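The chain contents come next:
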Amino acid sequence: MVQPVTINISAINKQITVPTGLFINNEFVPSVDSDELIHAVNPATEEVICSVVAASPKDIDIAVAAARNAFNTTWGKNVTGFERSRLINKLADLIERDAQELAELETLNNGKPVKIARDFDIGDSVQCLRYYAGWADKIIGQTLEVDNKSKLAFTRHDPIGVCGQIIPWNYPINMWAWKVAPALAVGCTIVMKPSELCPLTALKLSELVKEAGFPPGVINTVPSFGPVGGAALAAHPDVDKVAFTGSTITGRKVMEAAAKSNLKKVSLELGGKSPHLVFESADLDQGLPVRSPRSLCWLEASGTMPGISCELLIGPLSAYATTLARTFINLLVSKVKDQVIGGGYDVSSGGGPVVSKGQYDRVWGYIEAGKKEGAKVILGGTKRPGKGFFVDPTIFTDIRPEMRIVKEEIFGPVLSVGRFRTEDEAIFLANDTSYGLGAGLHSTDANQCMRVASALEAGTVWVNQYNMLNNNVPFGGKKQSGIGP
Ligand code: NAD
(Lines give C-alpha, C1' and ligand atoms only; values in the text may rest on other atoms or scores of the structure.)
Protein backbone atom coordinates (compact mmCIF):
# COMPACT_ATOMS: atom_id res chain seq x y z
CA MET A 1 0.00 0.00 0.00
CA VAL A 2 1.15 3.53 -0.74
CA GLN A 3 0.09 6.06 1.84
CA PRO A 4 -1.75 9.22 0.80
CA VAL A 5 -0.18 12.65 1.34
CA THR A 6 -1.82 15.65 2.89
CA ILE A 7 -1.52 18.79 0.82
CA ASN A 8 -1.83 22.24 2.26
CA ILE A 9 -3.62 24.66 -0.08
CA SER A 10 -2.45 27.91 1.46
CA ALA A 11 -4.54 30.13 -0.85
CA ILE A 12 -7.71 28.82 0.79
CA ASN A 13 -6.15 27.68 4.05
CA LYS A 14 -7.26 24.12 3.52
CA GLN A 15 -5.79 20.64 3.62
CA ILE A 16 -6.67 17.84 1.21
CA THR A 17 -5.49 14.26 1.41
CA VAL A 18 -4.50 12.75 -1.93
CA PRO A 19 -3.67 9.12 -2.74
CA THR A 20 -0.31 8.75 -4.48
CA GLY A 21 -0.19 5.08 -5.50
CA LEU A 22 -1.44 3.28 -8.59
CA PHE A 23 -5.10 2.30 -8.13
CA ILE A 24 -5.31 -1.38 -9.05
CA ASN A 25 -7.89 -3.84 -7.70
CA ASN A 26 -9.30 -1.12 -5.41
CA GLU A 27 -5.94 -0.59 -3.62
CA PHE A 28 -3.34 2.16 -3.94
CA VAL A 29 -0.14 0.26 -4.66
CA PRO A 30 3.50 0.99 -5.58
CA SER A 31 5.06 0.09 -8.90
CA VAL A 32 6.32 -3.48 -8.99
CA ASP A 33 9.56 -2.63 -10.75
CA SER A 34 10.10 1.13 -10.99
CA ASP A 35 10.68 4.04 -8.64
CA GLU A 36 9.82 6.66 -11.22
CA LEU A 37 7.58 9.46 -9.92
CA ILE A 38 5.34 12.05 -11.52
CA HIS A 39 5.79 15.47 -9.93
CA ALA A 40 2.45 17.29 -10.00
CA VAL A 41 2.97 21.04 -10.37
CA ASN A 42 0.74 23.99 -9.44
CA PRO A 43 0.73 26.07 -12.66
CA ALA A 44 -0.17 29.26 -10.77
CA THR A 45 2.95 29.11 -8.58
CA GLU A 46 5.23 26.66 -10.45
CA GLU A 47 5.70 24.74 -7.18
CA VAL A 48 5.61 20.94 -6.93
CA ILE A 49 2.41 19.90 -5.12
CA CYS A 50 3.35 16.28 -4.49
CA SER A 51 4.70 13.26 -6.33
CA VAL A 52 2.75 10.18 -7.36
CA VAL A 53 3.83 6.76 -8.55
CA ALA A 54 4.38 6.50 -12.32
CA ALA A 55 3.23 3.17 -13.76
CA SER A 56 5.75 1.08 -15.69
CA PRO A 57 4.77 -1.27 -18.54
CA LYS A 58 4.80 -4.13 -16.02
CA ASP A 59 2.32 -2.20 -13.83
CA ILE A 60 0.12 -1.74 -16.90
CA ASP A 61 0.20 -5.55 -17.37
CA ILE A 62 -0.98 -5.98 -13.79
CA ALA A 63 -3.75 -3.40 -14.15
CA VAL A 64 -4.94 -5.02 -17.40
CA ALA A 65 -4.95 -8.45 -15.71
CA ALA A 66 -7.04 -6.99 -12.86
CA ALA A 67 -9.49 -5.52 -15.36
CA ARG A 68 -9.66 -8.80 -17.27
CA ASN A 69 -10.33 -10.77 -14.10
CA ALA A 70 -13.10 -8.37 -13.06
CA PHE A 71 -14.60 -8.55 -16.55
CA ASN A 72 -14.70 -12.34 -16.36
CA THR A 73 -16.00 -12.63 -12.79
CA THR A 74 -17.81 -9.65 -11.28
CA TRP A 75 -18.54 -7.30 -14.19
CA GLY A 76 -19.00 -7.86 -17.93
CA LYS A 77 -21.85 -10.31 -18.42
CA ASN A 78 -21.84 -11.23 -14.73
CA VAL A 79 -23.71 -8.19 -13.49
CA THR A 80 -27.13 -6.89 -14.36
CA GLY A 81 -27.74 -3.54 -15.95
CA PHE A 82 -29.74 -2.58 -12.86
CA GLU A 83 -26.69 -3.14 -10.65
CA ARG A 84 -24.38 -1.25 -13.00
CA SER A 85 -26.85 1.60 -13.01
CA ARG A 86 -27.06 1.61 -9.20
CA LEU A 87 -23.28 1.76 -8.78
CA ILE A 88 -22.78 4.46 -11.43
CA ASN A 89 -25.50 6.55 -9.79
CA LYS A 90 -23.85 6.03 -6.43
CA LEU A 91 -20.54 7.26 -7.85
CA ALA A 92 -22.31 10.33 -9.22
CA ASP A 93 -23.76 11.02 -5.76
CA LEU A 94 -20.34 10.79 -4.13
CA ILE A 95 -18.78 13.13 -6.70
CA GLU A 96 -21.62 15.57 -6.10
CA ARG A 97 -21.06 15.31 -2.35
CA ASP A 98 -17.32 16.06 -2.74
CA ALA A 99 -17.67 18.57 -5.58
CA GLN A 100 -16.11 21.49 -3.73
CA GLU A 101 -13.04 19.57 -2.59
CA LEU A 102 -12.57 17.93 -5.97
CA ALA A 103 -12.80 21.35 -7.62
CA GLU A 104 -10.22 22.79 -5.25
CA LEU A 105 -7.84 19.95 -6.04
CA GLU A 106 -8.48 20.34 -9.78
CA THR A 107 -7.58 24.01 -9.51
CA LEU A 108 -4.37 23.23 -7.64
CA ASN A 109 -3.04 20.91 -10.35
CA ASN A 110 -4.72 22.23 -13.50
CA GLY A 111 -5.08 25.96 -12.78
CA LYS A 112 -8.69 26.49 -13.88
CA PRO A 113 -10.84 28.57 -11.51
CA VAL A 114 -12.61 26.63 -8.75
CA LYS A 115 -16.03 27.86 -9.83
CA ILE A 116 -15.51 26.58 -13.38
CA ALA A 117 -14.17 23.24 -12.17
CA ARG A 118 -17.09 22.83 -9.77
CA ASP A 119 -20.04 24.25 -11.70
CA PHE A 120 -19.13 23.15 -15.21
CA ASP A 121 -16.64 20.30 -15.17
CA ILE A 122 -17.86 18.46 -12.09
CA GLY A 123 -21.51 19.41 -12.63
CA ASP A 124 -21.29 17.93 -16.10
CA SER A 125 -19.42 14.85 -14.85
CA VAL A 126 -22.23 14.08 -12.40
CA GLN A 127 -24.79 14.55 -15.14
CA CYS A 128 -22.76 12.37 -17.51
CA LEU A 129 -22.60 9.50 -15.00
CA ARG A 130 -26.33 9.75 -14.35
CA TYR A 131 -27.10 9.94 -18.05
CA TYR A 132 -25.21 6.69 -18.78
CA ALA A 133 -26.51 5.05 -15.59
CA GLY A 134 -29.92 5.53 -17.16
CA TRP A 135 -28.86 3.53 -20.24
CA ALA A 136 -27.26 0.63 -18.33
CA ASP A 137 -30.51 -1.34 -18.01
CA LYS A 138 -31.85 -0.43 -21.46
CA ILE A 139 -29.37 -2.14 -23.75
CA ILE A 140 -31.43 -4.02 -26.29
CA GLY A 141 -30.83 -5.73 -29.59
CA GLN A 142 -33.12 -6.39 -32.55
CA THR A 143 -35.26 -9.31 -33.68
CA LEU A 144 -35.42 -10.20 -37.38
CA GLU A 145 -37.68 -12.61 -39.22
CA VAL A 146 -35.54 -14.84 -41.45
CA ASP A 147 -37.77 -17.62 -42.68
CA ASN A 148 -41.52 -17.22 -43.16
CA LYS A 149 -42.05 -16.42 -39.52
CA SER A 150 -40.81 -19.84 -38.41
CA LYS A 151 -37.28 -18.70 -37.68
CA LEU A 152 -36.07 -15.58 -35.96
CA ALA A 153 -32.63 -14.12 -35.66
CA PHE A 154 -31.74 -11.68 -32.96
CA THR A 155 -28.86 -9.36 -32.19
CA ARG A 156 -27.51 -8.59 -28.78
CA HIS A 157 -25.01 -6.04 -27.57
CA ASP A 158 -22.12 -7.47 -25.61
CA PRO A 159 -19.56 -5.41 -23.70
CA ILE A 160 -16.31 -5.08 -25.65
CA GLY A 161 -14.16 -6.13 -22.69
CA VAL A 162 -11.15 -4.37 -21.16
CA CYS A 163 -10.90 -0.74 -22.22
CA GLY A 164 -7.69 1.27 -22.02
CA GLN A 165 -8.54 4.95 -21.63
CA ILE A 166 -5.94 7.67 -22.18
CA ILE A 167 -6.88 11.26 -21.44
CA PRO A 168 -5.36 14.77 -21.66
CA TRP A 169 -4.96 17.52 -19.08
CA ASN A 170 -7.60 20.06 -20.05
CA TYR A 171 -10.65 18.48 -18.34
CA PRO A 172 -9.08 15.98 -15.91
CA ILE A 173 -12.29 15.17 -14.01
CA ASN A 174 -14.76 15.76 -16.81
CA MET A 175 -12.77 13.72 -19.31
CA TRP A 176 -12.50 10.91 -16.75
CA ALA A 177 -16.30 10.88 -16.43
CA TRP A 178 -16.88 11.10 -20.21
CA LYS A 179 -14.68 8.03 -20.66
CA VAL A 180 -15.67 5.82 -17.71
CA ALA A 181 -19.44 6.42 -17.68
CA PRO A 182 -20.38 4.82 -21.04
CA ALA A 183 -17.85 1.99 -20.62
CA LEU A 184 -19.19 1.09 -17.17
CA ALA A 185 -22.78 1.33 -18.32
CA VAL A 186 -22.32 -1.35 -20.98
CA GLY A 187 -20.25 -3.62 -18.73
CA CYS A 188 -16.66 -2.95 -19.79
CA THR A 189 -13.80 -2.77 -17.31
CA ILE A 190 -11.27 0.02 -17.39
CA VAL A 191 -7.59 0.84 -17.17
CA MET A 192 -7.46 4.63 -17.07
CA LYS A 193 -4.27 6.57 -17.76
CA PRO A 194 -4.66 10.23 -16.80
CA SER A 195 -2.33 12.92 -18.11
CA GLU A 196 1.00 13.06 -16.31
CA LEU A 197 0.42 16.81 -16.02
CA CYS A 198 -2.77 16.42 -13.94
CA PRO A 199 -2.93 13.04 -12.21
CA LEU A 200 -4.28 14.09 -8.80
CA THR A 201 -8.04 14.26 -9.30
CA ALA A 202 -8.17 10.91 -11.12
CA LEU A 203 -6.57 9.36 -8.03
CA LYS A 204 -8.97 11.21 -5.74
CA LEU A 205 -11.90 9.93 -7.84
CA SER A 206 -10.52 6.40 -7.41
CA GLU A 207 -11.20 6.65 -3.66
CA LEU A 208 -14.84 7.31 -4.56
CA VAL A 209 -14.90 4.34 -6.94
CA LYS A 210 -14.03 2.11 -4.00
CA GLU A 211 -16.46 3.85 -1.66
CA ALA A 212 -19.27 3.49 -4.20
CA GLY A 213 -18.80 -0.27 -4.04
CA PHE A 214 -17.47 -1.17 -7.49
CA PRO A 215 -15.85 -4.62 -7.38
CA PRO A 216 -12.02 -4.64 -7.44
CA GLY A 217 -10.53 -4.32 -10.92
CA VAL A 218 -13.54 -2.69 -12.60
CA ILE A 219 -11.85 0.73 -12.74
CA ASN A 220 -8.06 0.89 -12.40
CA THR A 221 -6.18 4.19 -12.56
CA VAL A 222 -2.53 4.21 -13.56
CA PRO A 223 -0.86 7.62 -13.85
CA SER A 224 2.10 7.29 -16.16
CA PHE A 225 4.17 9.14 -18.71
CA GLY A 226 2.59 8.91 -22.15
CA PRO A 227 5.40 7.17 -24.05
CA VAL A 228 5.68 4.62 -21.20
CA GLY A 229 2.27 3.70 -19.72
CA GLY A 230 0.14 5.19 -22.51
CA ALA A 231 2.14 3.41 -25.19
CA ALA A 232 2.04 0.13 -23.21
CA LEU A 233 -1.74 0.37 -22.87
CA ALA A 234 -2.28 1.13 -26.56
CA ALA A 235 -0.05 -1.81 -27.56
CA HIS A 236 -1.35 -4.26 -24.96
CA PRO A 237 -2.49 -7.58 -26.47
CA ASP A 238 -5.15 -8.13 -23.80
CA VAL A 239 -6.82 -4.72 -24.11
CA ASP A 240 -9.91 -4.94 -26.33
CA LYS A 241 -10.40 -1.25 -26.99
CA VAL A 242 -8.44 1.94 -26.49
CA ALA A 243 -10.32 5.21 -26.13
CA PHE A 244 -7.97 8.14 -26.57
CA THR A 245 -8.37 11.88 -26.27
CA GLY A 246 -5.37 14.10 -27.00
CA SER A 247 -3.35 15.51 -29.84
CA THR A 248 -3.54 14.23 -33.40
CA ILE A 249 0.15 13.33 -33.37
CA THR A 250 -0.28 11.05 -30.33
CA GLY A 251 -3.56 9.69 -31.69
CA ARG A 252 -1.69 8.46 -34.75
CA LYS A 253 0.75 6.57 -32.48
CA VAL A 254 -2.12 5.05 -30.50
CA MET A 255 -3.83 3.83 -33.66
CA GLU A 256 -0.57 2.40 -34.99
CA ALA A 257 0.13 0.56 -31.71
CA ALA A 258 -3.43 -0.80 -31.70
CA ALA A 259 -3.09 -2.00 -35.28
CA LYS A 260 0.29 -3.63 -34.70
CA SER A 261 -0.71 -5.44 -31.51
CA ASN A 262 -4.14 -7.10 -31.58
CA LEU A 263 -6.15 -4.81 -33.88
CA LYS A 264 -8.01 -3.58 -30.83
CA LYS A 265 -10.88 -1.20 -31.42
CA VAL A 266 -9.90 2.46 -31.31
CA SER A 267 -11.76 5.67 -30.72
CA LEU A 268 -9.88 8.93 -31.10
CA GLU A 269 -10.88 12.45 -30.04
CA LEU A 270 -8.08 14.61 -31.38
CA GLY A 271 -6.93 18.16 -32.01
CA GLY A 272 -8.84 20.95 -33.66
CA LYS A 273 -8.57 24.38 -35.24
CA SER A 274 -12.15 25.37 -34.80
CA PRO A 275 -13.39 28.35 -36.83
CA HIS A 276 -16.30 30.62 -36.12
CA LEU A 277 -17.98 32.68 -38.83
CA VAL A 278 -19.68 35.96 -38.00
CA PHE A 279 -21.95 37.14 -40.82
CA GLU A 280 -23.08 40.69 -41.39
CA SER A 281 -26.57 40.08 -40.07
CA ALA A 282 -25.22 38.69 -36.78
CA ASP A 283 -26.70 40.01 -33.61
CA LEU A 284 -23.47 41.14 -31.99
CA ASP A 285 -24.94 41.15 -28.54
CA GLN A 286 -25.90 37.55 -29.01
CA GLY A 287 -22.61 36.95 -30.75
CA LEU A 288 -20.56 38.38 -27.97
CA PRO A 289 -22.16 37.43 -24.69
CA VAL A 290 -20.01 36.98 -21.64
CA ARG A 291 -19.84 35.25 -18.30
CA SER A 292 -20.75 31.72 -19.21
CA PRO A 293 -17.39 30.08 -19.84
CA ARG A 294 -18.94 27.64 -22.26
CA SER A 295 -20.90 30.15 -24.23
CA LEU A 296 -18.17 31.90 -26.00
CA CYS A 297 -15.19 30.91 -28.03
CA TRP A 298 -12.69 33.44 -26.87
CA LEU A 299 -13.56 33.02 -23.22
CA GLU A 300 -13.09 29.31 -23.68
CA ALA A 301 -9.81 29.96 -25.37
CA SER A 302 -8.69 32.28 -22.63
CA GLY A 303 -8.67 29.89 -19.73
CA THR A 304 -6.87 26.70 -18.91
CA MET A 305 -9.80 24.79 -20.19
CA PRO A 306 -9.75 24.87 -23.92
CA GLY A 307 -12.37 22.41 -25.01
CA ILE A 308 -13.16 23.01 -28.57
CA SER A 309 -11.43 26.36 -28.45
CA CYS A 310 -12.32 28.70 -31.22
CA GLU A 311 -8.97 29.78 -32.58
CA LEU A 312 -10.18 31.46 -35.74
CA LEU A 313 -12.88 34.07 -35.85
CA ILE A 314 -13.82 35.19 -39.33
CA GLY A 315 -16.02 38.20 -40.05
CA PRO A 316 -17.20 39.86 -43.27
CA LEU A 317 -14.67 41.96 -45.15
CA SER A 318 -16.63 45.10 -44.52
CA ALA A 319 -16.15 44.37 -40.86
CA TYR A 320 -12.88 46.27 -40.85
CA ALA A 321 -14.16 49.39 -42.44
CA THR A 322 -17.72 50.00 -41.47
CA THR A 323 -19.37 51.03 -38.27
CA LEU A 324 -20.52 47.46 -37.84
CA ALA A 325 -16.93 46.35 -38.09
CA ARG A 326 -15.59 48.81 -35.59
CA THR A 327 -18.39 47.81 -33.23
CA PHE A 328 -17.52 44.19 -33.78
CA ILE A 329 -13.80 44.51 -33.05
CA ASN A 330 -14.32 46.92 -30.16
CA LEU A 331 -16.93 44.68 -28.58
CA LEU A 332 -14.71 41.66 -29.01
CA VAL A 333 -11.73 43.33 -27.37
CA SER A 334 -13.77 44.78 -24.53
CA LYS A 335 -15.44 41.45 -23.76
CA VAL A 336 -12.13 39.61 -23.72
CA LYS A 337 -10.55 42.37 -21.64
CA ASP A 338 -13.32 41.87 -19.09
CA GLN A 339 -11.95 38.44 -18.38
CA VAL A 340 -9.66 38.44 -15.37
CA ILE A 341 -6.92 35.87 -15.79
CA GLY A 342 -5.61 35.03 -12.37
CA GLY A 343 -5.20 32.45 -9.65
CA GLY A 344 -7.93 29.81 -9.65
CA TYR A 345 -8.84 30.42 -5.99
CA ASP A 346 -9.60 34.06 -6.68
CA VAL A 347 -13.37 34.32 -7.25
CA SER A 348 -12.92 37.15 -9.75
CA SER A 349 -10.81 34.99 -12.09
CA GLY A 350 -12.53 33.95 -15.30
CA GLY A 351 -9.50 31.95 -16.44
CA GLY A 352 -6.31 30.62 -14.89
CA PRO A 353 -2.77 29.92 -16.04
CA VAL A 354 -2.02 27.44 -18.80
CA VAL A 355 -1.27 24.00 -17.43
CA SER A 356 2.51 23.64 -17.67
CA LYS A 357 5.80 25.20 -18.65
CA GLY A 358 5.73 23.12 -21.83
CA GLN A 359 2.31 24.44 -22.81
CA TYR A 360 3.30 27.99 -21.80
CA ASP A 361 6.37 27.87 -24.08
CA ARG A 362 4.31 26.37 -26.89
CA VAL A 363 1.68 29.13 -26.72
CA TRP A 364 4.35 31.85 -26.59
CA GLY A 365 6.09 30.23 -29.53
CA TYR A 366 2.90 30.76 -31.55
CA ILE A 367 2.41 34.33 -30.34
CA GLU A 368 5.98 35.16 -31.40
CA ALA A 369 5.47 33.38 -34.73
CA GLY A 370 2.28 35.40 -35.34
CA LYS A 371 4.13 38.66 -34.76
CA LYS A 372 7.08 37.59 -36.93
CA GLU A 373 4.80 36.58 -39.79
CA GLY A 374 3.18 40.01 -39.76
CA ALA A 375 -0.12 39.57 -37.95
CA LYS A 376 -1.21 42.54 -35.85
CA VAL A 377 -1.66 42.16 -32.09
CA ILE A 378 -4.70 44.10 -30.92
CA LEU A 379 -4.82 42.65 -27.41
CA GLY A 380 -2.29 40.93 -25.16
CA GLY A 381 0.88 39.63 -26.73
CA THR A 382 3.21 40.60 -23.90
CA LYS A 383 4.49 38.43 -21.09
CA ARG A 384 3.57 39.00 -17.48
CA PRO A 385 6.35 39.30 -14.93
CA GLY A 386 6.40 36.95 -11.94
CA LYS A 387 5.62 33.32 -11.25
CA GLY A 388 2.91 31.19 -12.82
CA PHE A 389 2.21 30.11 -16.39
CA PHE A 390 -0.21 32.97 -17.05
CA VAL A 391 -0.86 34.01 -20.64
CA ASP A 392 -3.15 36.96 -21.13
CA PRO A 393 -5.69 36.48 -23.94
CA THR A 394 -4.10 37.55 -27.18
CA ILE A 395 -5.98 38.63 -30.30
CA PHE A 396 -4.44 38.94 -33.76
CA THR A 397 -5.89 40.62 -36.82
CA ASP A 398 -4.43 41.08 -40.33
CA ILE A 399 -3.86 37.35 -40.66
CA ARG A 400 -3.14 35.33 -43.80
CA PRO A 401 -4.10 31.68 -44.39
CA GLU A 402 -0.50 30.45 -44.53
CA MET A 403 0.47 31.83 -41.10
CA ARG A 404 1.23 29.23 -38.39
CA ILE A 405 -1.26 30.84 -35.99
CA VAL A 406 -3.96 30.27 -38.62
CA LYS A 407 -2.94 26.78 -39.74
CA GLU A 408 -1.82 24.99 -36.56
CA GLU A 409 -3.58 24.15 -33.32
CA ILE A 410 -2.33 26.40 -30.50
CA PHE A 411 -4.56 25.19 -27.66
CA GLY A 412 -4.14 28.36 -25.68
CA PRO A 413 -5.75 31.78 -25.25
CA VAL A 414 -4.92 33.07 -28.71
CA LEU A 415 -7.57 34.15 -31.20
CA SER A 416 -6.94 35.11 -34.82
CA VAL A 417 -9.54 37.32 -36.45
CA GLY A 418 -9.77 37.15 -40.23
CA ARG A 419 -12.27 38.29 -42.84
CA PHE A 420 -14.10 37.11 -45.93
CA ARG A 421 -15.86 38.69 -48.92
CA THR A 422 -18.58 36.17 -49.70
CA GLU A 423 -20.34 33.30 -47.99
CA ASP A 424 -18.53 30.82 -50.24
CA GLU A 425 -15.18 32.27 -49.28
CA ALA A 426 -16.14 32.14 -45.60
CA ILE A 427 -16.94 28.43 -45.91
CA PHE A 428 -13.73 27.82 -47.84
CA LEU A 429 -11.60 29.54 -45.18
CA ALA A 430 -13.37 27.73 -42.35
CA ASN A 431 -12.86 24.34 -44.00
CA ASP A 432 -9.29 25.04 -45.06
CA THR A 433 -7.80 22.89 -42.30
CA SER A 434 -6.91 19.25 -41.77
CA TYR A 435 -9.02 19.33 -38.60
CA GLY A 436 -12.79 19.04 -38.22
CA LEU A 437 -13.66 19.13 -34.54
CA GLY A 438 -16.01 22.08 -34.01
CA ALA A 439 -17.19 25.12 -35.95
CA GLY A 440 -19.71 27.85 -35.42
CA LEU A 441 -21.53 30.68 -37.08
CA HIS A 442 -23.48 33.72 -36.11
CA SER A 443 -26.19 35.01 -38.42
CA THR A 444 -29.81 36.04 -38.07
CA ASP A 445 -30.65 34.75 -41.56
CA ALA A 446 -32.22 31.34 -40.94
CA ASN A 447 -31.57 30.11 -44.47
CA GLN A 448 -27.95 31.09 -44.21
CA CYS A 449 -27.65 29.34 -40.85
CA MET A 450 -28.91 26.06 -42.31
CA ARG A 451 -26.87 26.39 -45.52
CA VAL A 452 -23.59 27.23 -43.86
CA ALA A 453 -24.02 24.77 -40.98
CA SER A 454 -24.36 21.91 -43.43
CA ALA A 455 -21.35 23.11 -45.46
CA LEU A 456 -18.97 23.31 -42.50
CA GLU A 457 -16.79 20.21 -42.13
CA ALA A 458 -16.88 19.66 -38.40
CA GLY A 459 -18.23 17.08 -35.99
CA THR A 460 -20.24 19.75 -34.22
CA VAL A 461 -21.48 23.05 -35.64
CA TRP A 462 -22.96 25.64 -33.29
CA VAL A 463 -25.33 28.32 -34.54
CA ASN A 464 -25.58 31.59 -32.62
CA GLN A 465 -23.75 30.03 -29.68
CA TYR A 466 -20.46 28.29 -29.11
CA ASN A 467 -19.13 25.18 -27.36
CA MET A 468 -22.39 24.01 -25.84
CA LEU A 469 -21.92 20.36 -25.00
CA ASN A 470 -24.62 18.04 -23.73
CA ASN A 471 -24.37 14.44 -22.67
CA ASN A 472 -27.34 13.41 -24.81
CA VAL A 473 -25.88 14.93 -27.98
CA PRO A 474 -23.36 12.92 -30.04
CA PHE A 475 -19.83 14.27 -30.15
CA GLY A 476 -16.81 13.58 -32.33
CA GLY A 477 -14.47 14.95 -34.95
CA LYS A 478 -14.31 14.83 -38.73
CA LYS A 479 -11.09 14.68 -40.76
CA GLN A 480 -8.00 14.50 -38.53
CA SER A 481 -9.93 15.45 -35.38
CA GLY A 482 -10.82 11.88 -34.67
CA ILE A 483 -12.53 8.63 -35.39
CA GLY A 484 -14.98 6.67 -33.35
CA PRO A 485 -16.86 5.88 -31.26
P1 NAD B 1 -1.17 14.62 -25.77
O2 NAD B 1 -1.47 13.94 -27.06
O3 NAD B 1 0.19 15.13 -25.55
O4 NAD B 1 -1.46 13.62 -24.54
C5 NAD B 1 -2.72 13.02 -24.35
C6 NAD B 1 -2.54 11.75 -23.54
O7 NAD B 1 -1.77 10.82 -24.30
C8 NAD B 1 -1.77 11.94 -22.23
O9 NAD B 1 -2.32 11.13 -21.23
C10 NAD B 1 -0.38 11.46 -22.58
O11 NAD B 1 0.36 10.98 -21.47
C12 NAD B 1 -0.69 10.33 -23.53
N13 NAD B 1 0.40 9.95 -24.43
C14 NAD B 1 1.46 10.68 -24.83
N15 NAD B 1 2.24 9.96 -25.66
C16 NAD B 1 1.65 8.75 -25.81
C17 NAD B 1 1.95 7.58 -26.57
N18 NAD B 1 3.06 7.50 -27.33
N19 NAD B 1 1.10 6.54 -26.51
C20 NAD B 1 -0.03 6.60 -25.76
N21 NAD B 1 -0.36 7.68 -25.01
C22 NAD B 1 0.47 8.74 -25.04
O23 NAD B 1 -2.25 15.76 -25.60
P24 NAD B 1 -2.38 16.84 -24.42
O25 NAD B 1 -1.34 17.90 -24.58
O26 NAD B 1 -2.50 16.14 -23.12
O27 NAD B 1 -3.80 17.46 -24.75
C28 NAD B 1 -3.99 18.46 -25.69
C29 NAD B 1 -4.55 17.89 -26.98
O30 NAD B 1 -5.77 17.19 -26.70
C31 NAD B 1 -4.93 18.97 -27.98
O32 NAD B 1 -4.48 18.58 -29.25
C33 NAD B 1 -6.45 19.01 -27.93
O34 NAD B 1 -7.07 19.46 -29.10
C35 NAD B 1 -6.76 17.57 -27.64
N36 NAD B 1 -8.10 17.42 -27.07
C37 NAD B 1 -9.09 16.97 -27.89
C38 NAD B 1 -10.39 16.87 -27.40
C39 NAD B 1 -11.50 16.34 -28.26
O40 NAD B 1 -12.58 16.17 -27.75
N41 NAD B 1 -11.29 16.06 -29.52
C42 NAD B 1 -10.66 17.22 -26.08
C43 NAD B 1 -9.61 17.66 -25.28
C44 NAD B 1 -8.33 17.76 -25.78
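Rules used throughout
Residues numbered from 1 in each chain as written. Predicted model: local features only at pLDDT ≥ 70, side-chain atom pairs only at ≥ 80, totals over all residues. Heavy atoms only, no water. UniProt positions renumbered as here; feature names shortened; annotations may be inferred. Helix = DSSP H or I, 4+ residues; strand = E, 2+ residues; numbered from the N terminus. Expected span 1.5 Å × (residues − 1). Buried < 20%, exposed > 50% of the residue type's maximum accessible area, 1.4 Å probe, protein only. Contact = heavy atoms within 4.5 Å. Near = heavy atom within 4 Å. Polar contact = N/O pair within 3.5 Å; in protein donor to acceptor, adjacent residues only side chain to side chain. Areas by Shrake-Rupley, 256 points an atom, 1.4 Å probe, with all protein chains shown as cover. Nonpolar A, V, L, I, M, F, W, Y, C, P; charged D, E, K, R; others polar. Domains from an automatic or database assignment. Phe/Tyr/Trp six-rings, centres within 6.5 Å; stacked < 30°, edge-to-face > 60°. pLDDT = per-residue confidence, 0-100.

- An unreviewed UniProt entry lists the protein under the name Aldehyde dehydrogenase family protein, with Lyophyllum shimeji given as the organism.
- Its UniProt record gives the protein a comment under Sequence similarities (unreviewed entry), which states: "Belongs to the aldehyde dehydrogenase family."

**Points about helix α2 (residues 81-97)**
Side chains three or four residues apart in an α-helix point the same way, a direct result of the helix having 3.6 residues per turn.
No. 1: The end-to-end C-alpha distance of α2 is 24 Å, a good match for the 24 Å that 17 residues give at a rise of 1.5 Å each.
No. 2: Among all positions of α2, only Gly81, Arg84, Ser85, Leu87, Ile88, Leu91, Ala92, Leu94 and Ile95 are buried.
No. 3: Elements in contact with the buried residues of α2: α3 (99-110), α4 (114-135), α5 (172-186) and α6 (200-212).

**Brief notes about the site of the ligand**
No. 1: The local shell around the ligand holds 29 residues, among which Ile167, Glu196, Ser247, Thr250 and Glu409 are the closest.
No. 2: One of the side-chain nitrogen or oxygen atoms of Glu196 is found 2.5 Å away from an oxygen atom of the ligand.
No. 3: Taking 850 Å² as the accessible area of the ligand by itself, protein coverage stands at 88%.
No. 4: Secondary structure elements with two or more residues in the shell around the ligand: α7 (226-234), β12 (241-245) and α8 (248-260).
No. 5: The greatest single-element share of the shell around the ligand, amounting to 4 residues, is contributed by α7.
No. 6: The class makeup of the residues in the shell around the ligand is 14 nonpolar, 10 polar and 5 charged.
No. 7: No fewer than three residues from each of domain 1 (5-139 + 158-269) and domain 2 (273-483) sit in the shell around the ligand.

**Side note on the packing of aromatic side chains**
No. 1: Throughout the structure, instances matching the rule amount to 9 aromatic pairs.
No. 2: When the ring of Tyr131 is compared with that of Trp135, the centres are 6.4 Å apart and the planes differ by 75°; the resulting orientation is edge-to-face. One end of the pair is Tyr131 and the other is Trp135, both in helix α4 and 4 residues apart, which spans about a single turn.
No. 3: With relative accessibility at 43%, the residue Trp135 sits in the partly exposed group.
No. 4: Where Tyr171 meets Trp178, the ring centres are 5.3 Å apart and the plane angle is 70°; that geometry is what we call edge-to-face.

**Re the confidence of the model for the protein**
No. 1: Averaged over every residue, the pLDDT of the protein is 91; residues scoring 70 or more account for 92%.
No. 2: Least confident of the elements in the protein is helix α10 (residues 297-300), whose mean pLDDT is 34; most confident is strand β10 (residues 189-193), at 99.
No. 3: Note that pLDDT drops below 50 for residues 289-307; the model gives that stretch 76 contacts with residues more than four away or on any other chain.

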